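The residues making up each chain are set out below.
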Amino acid sequence: MRKTYKCSNIKFCMEDENQRRTWEHLQGMTRKDGSYGKILSDAFVEAIDGKTKFSVNKAENESADLKENAADIIEEMLDRVLEEKFHEMFPKLQEVLAGQMSRAFREYVADFHSGVDASADKTDIDGMEQMQEPELSEDMMAFAFAMGE
């Protein structure tokens, strides 16, 4: 089977660094290195495949970076939302805690005062008994004198 070849006339601009270097590289090649067509096609395909692989790797890296950035953004958003919720709930928590403390103090004060009132009442009762004793004694003495007369 016969191979089919197509001819292409390639010109290299010597003012363009890449084109000049390519031309110089081709001029330094011998028949052992292969034909110009083979060398150029291998280099061209390798460059295109390399760019494609580079693009795929770059896309994968960008995708990973985007995922990482998205995770960071989501974490920041969650932090902000949680902080806002905390600031919303904190005054309510303070009110509830203050109410519970107030009730506890009121109960404590009421228990304390009832204890003080009970002891004061007991003191008043004792005092009344003491005051009643002399009055009773005088009444009894008066009665006794009245009987003796």
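For the structure itself, consult the block above.
Cut-offs and rules
- Residues numbered from 1 in each chain as written.
- Predicted model: local features only at pLDDT ≥ 70, side-chain atom pairs only at ≥ 80, totals over all residues.
- Heavy atoms only, no water.
- Helix = DSSP H or I, 4+ residues; strand = E, 2+ residues; numbered from the N terminus.
- Buried < 20%, exposed > 50% of the residue type's maximum accessible area, 1.4 Å probe, protein only.
- Areas by Shrake-Rupley, 256 points an atom, 1.4 Å probe, with all protein chains shown as cover.
- Salt bridge = Lys/Arg side-chain N within 4 Å of Asp/Glu carboxyl O.
- 1 Å grid on protein atoms, 1.4 Å probe; cavity = no way out; pocket = protein on both sides within 12 Å on 5 of 7 lines; lining within 4 Å.
- Points joined across faces, edges and corners; volume = space filled by probe spheres on them.
- Nonpolar A, V, L, I, M, F, W, Y, C, P; charged D, E, K, R; others polar.
- Patch = residues over 30% accessible without salt bridge, like charges linked within 9 Å, V, L, I, M, F, W, Y side chains within 5 Å.
- Lys, Arg positive; Asp, Glu negative; His and termini not counted.
- Charge placed at Lys NZ, Arg CZ, Asp CG, Glu CD.
- Contact = heavy atoms within 4.5 Å.

A. Representation of the overall build of the protein chain in the model. Assigned secondary structure in the protein chain consists of 2 helices and 0 strands. Per-residue burial over the protein chain gives 1% buried out of 149 residues. On the protein chain, roughly 14200 Å² of surface is accessible, and the fraction owed to carbon and sulfur atoms is 59%.

B. Representation of the pattern of salt bridges. One pass over the structure, following the stated rule, counts 4 salt bridges. With its nearest N and O atoms 2.7 Å apart, the salt bridge here joins Arg20 to Glu24. Remark: Glu24 and Arg20 occur in helix H1 (residues 17–27); sequence separation between them is 4 residues, near one turn of the helix. Relative accessible area serves as the criterion here: at 23%, Arg20 is assigned to the partly exposed category.

C. Quick look at the layout of surface pockets. Estimated volume of the largest pocket: approximately 450 Å³. Every element with two or more residues in the lining of the largest pocket is listed here: H1 and helix H2 (36–148). For the lining of the largest pocket, the element with the most residues is H2, which contributes 5 residues. By residue class, the composition of the lining of the largest pocket is 8 nonpolar, 6 polar and 2 charged.

D. Broad picture of a negative patch on the surface. Judged by side-chain charge, Glu62, Asp65, Glu68, Asp72, Glu75, Glu76, Asp79, Glu83 and Glu84 come together as a negatively charged surface patch. Along the chain, the position of Glu76 falls in helix H2. For Glu76, a relative accessible area of 46% corresponds to the partly exposed category.

E. Here's a closer look at the environment of Met14. Here Met14 shows up in the segment before H1. Taking the C-alpha atoms as reference, Met14 lies 9.7 Å from Glu24; in sequence the two are 10 residues apart. For Met14, the residues in contact, after removing those within four places along its chain, are Arg20 and Trp23.

F. Up close: a nonpolar patch on the surface. Where nonpolar side chains cluster on the molecular surface, the patch consists of Phe44, Val45 and Ile48 and spans about 290 Å² of accessible area. With respect to the helices and strands, the residue Val45 is situated in helix H2. Residue classification places Val45 among the partly exposed residues on the basis of a relative accessible area of 45%.

Purely geometric numbers; function is a separate question.
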